[in-house]
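Fold and contact review
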Amino acid sequence: MGEPLFELFRGDDHGIQITVKDENDLPVDITGWVFKATLSLNPYGADSPEGVHVDLEPLTGTDAANGEVTIVLPHEQTKNLVPAMYFFDVQREAYDSVKTVFSGRVKVKADVTRRTG
């Protein structure tokens, strides 16, 4: 199964920073690109409700011009995850095409602090 891409605690925010580079290892201007990330127990079929789903608006600004995007898996969604190994991928939409930027497994660990009020 291999090493997970990363680990996160259930209920935490988790940021993933991506820098898109060309074949010469230079940053690509990703202004206007859309990114989507999904964390799911089931890699087959439609996005399942038990996972995390993040859709970014078309990117703008200096970070986008420098090929940089940060995707945050928000605690509002990670708080409902069960501790387990999940499937994860990030896709980009640009130039009328969709491409998976990377994928792999992510380990979600149990958290201890779980206040209800």
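Residues numbered from 1 in each chain as written. Predicted model: local features only at pLDDT ≥ 70, side-chain atom pairs only at ≥ 80, totals over all residues. Heavy atoms only, no water.

1. Describing unusual backbone geometry
- Phi angles above zero are rare outside glycine, and D25 is one such case at about 65°.
- The residue D25 is located in the loop between β2 (14–19) and β3 (34–40) in this model.
- You will see that D96, though not glycine, has its phi angle at about 60°, which is positive.
- The class for D96 is exposed, based on a relative accessible area of 86%. (Helix = DSSP H or I, 4+ residues; strand = E, 2+ residues; numbered from the N terminus. Buried < 20%, exposed > 50% of the residue type's maximum accessible area, 1.4 Å probe, protein only.)

2. Concerning the packing of aromatic side chains
- This model, assessed by the stated rule, comprises four aromatic pairs.
- With a centroid separation of 6.0 Å and an interplanar angle of 50°, the aromatic rings of F88 and F102 are classed as tilted. Of this pair, F88 sits in strand β6 (residues 84–94) while F102 sits in strand β7 (residues 97–109); the two residues are 14 residues apart in sequence, bridging distant segments of the chain.
- Of the aromatic side chains, those joined through ring pairs into one cluster are F6, F88 and F102.
- Taking the ring centre of F87 as reference, the NZ or CZ of R105 above it sits at 4.0 Å. (Phe/Tyr/Trp six-rings, centres within 6.5 Å; stacked < 30°, edge-to-face > 60°. Lys NZ or Arg CZ within 6 Å of the ring centre and 35° of its normal.)

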